[in-house]
Amino acid sequence: MNAIVSYSFKLAHMLVGPLLLLGDRLTAPRRVQRDPTAQARIDAETRELVLYQFRSCPFCIKTRRAIRRLALNIETRDAQHHQPSRQQLLKCGGKLMVPCLRIAKPDGSMQWMYESNDIIRYLESRFTGE
């Protein structure tokens, strides 16, 4: 029975994932426009951020859309297919769950933020109203 459920889940994911990605591409949000100085400052700040994600995860798509809308240049890492990224997320973040935003702190420590809504709220509070 578990094998049937697992196979059904994989099949559904294989069918729905590409549709979600296509929908994301076709309805990409407009990027916030900033003056070049403000954008350069934000680009420097976002170098300290990394998003661990699965390409067709709906919550990851939601988070990437917010990143695009906010015109943030945040590195993304594929924790589904890239084993080193997957292992780093599991070892340092504590769990294999996406999306996860790794935030490098000025003291050298790392904060691992899970949950798409929390990540989006954090990014909006930090990078809007510039």
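Residues numbered from 1 in each chain as written. Predicted model: local features only at pLDDT ≥ 70, side-chain atom pairs only at ≥ 80, totals over all residues. Heavy atoms only, no water.

A. Seen up close, the side chain of Q39. By the secondary structure assignment, Q39 is in helix α2 (residues 36-46). The class of Q39 is buried, set by a relative accessible area of 16%. (Helix = DSSP H or I, 4+ residues; strand = E, 2+ residues; numbered from the N terminus. Buried < 20%, exposed > 50% of the residue type's maximum accessible area, 1.4 Å probe, protein only.)

B. Broad picture of α2. Within α2 the residues assigned to the buried category are A38, Q39, I42, D43 and T46. Within α2, the buried residues cover an arc of 135° as seen down the axis, which keeps them to one side. For α2, the secondary structure elements touched by its buried residues are β1 (49-53) and α5 (116-127). Its side-chain oxygen placed 3.0 Å from the backbone nitrogen of T37, D35 serves as the N-cap of α2. (Arc of directions from axis to C-beta. Contact = heavy atoms within 4.5 Å. Polar contact = N/O pair within 3.5 Å; in protein donor to acceptor, adjacent residues only side chain to side chain.)

C. Spatial organisation of the pairing of strand β3 (residues 100-104). Of all 5 residues in β3, 5 are buried, a share of seventy percent or more. The alternating pattern of β3 places C100, R102 and A104 and L101 and I103 on opposite faces, both of which are buried. Alignment of β3 against strand β4 (residues 110-114), held across 5 bridges, turns out to be antiparallel. Counterpart to L101 in the pairing with β4 is M113. The turn joining β3 and β4, which pair antiparallel and follow one another in sequence, is formed by 5 residues; a positive phi near 95° is taken by G108. (Pairing = 2+ DSSP bridges.)

These values are about where atoms sit, not about what they do.
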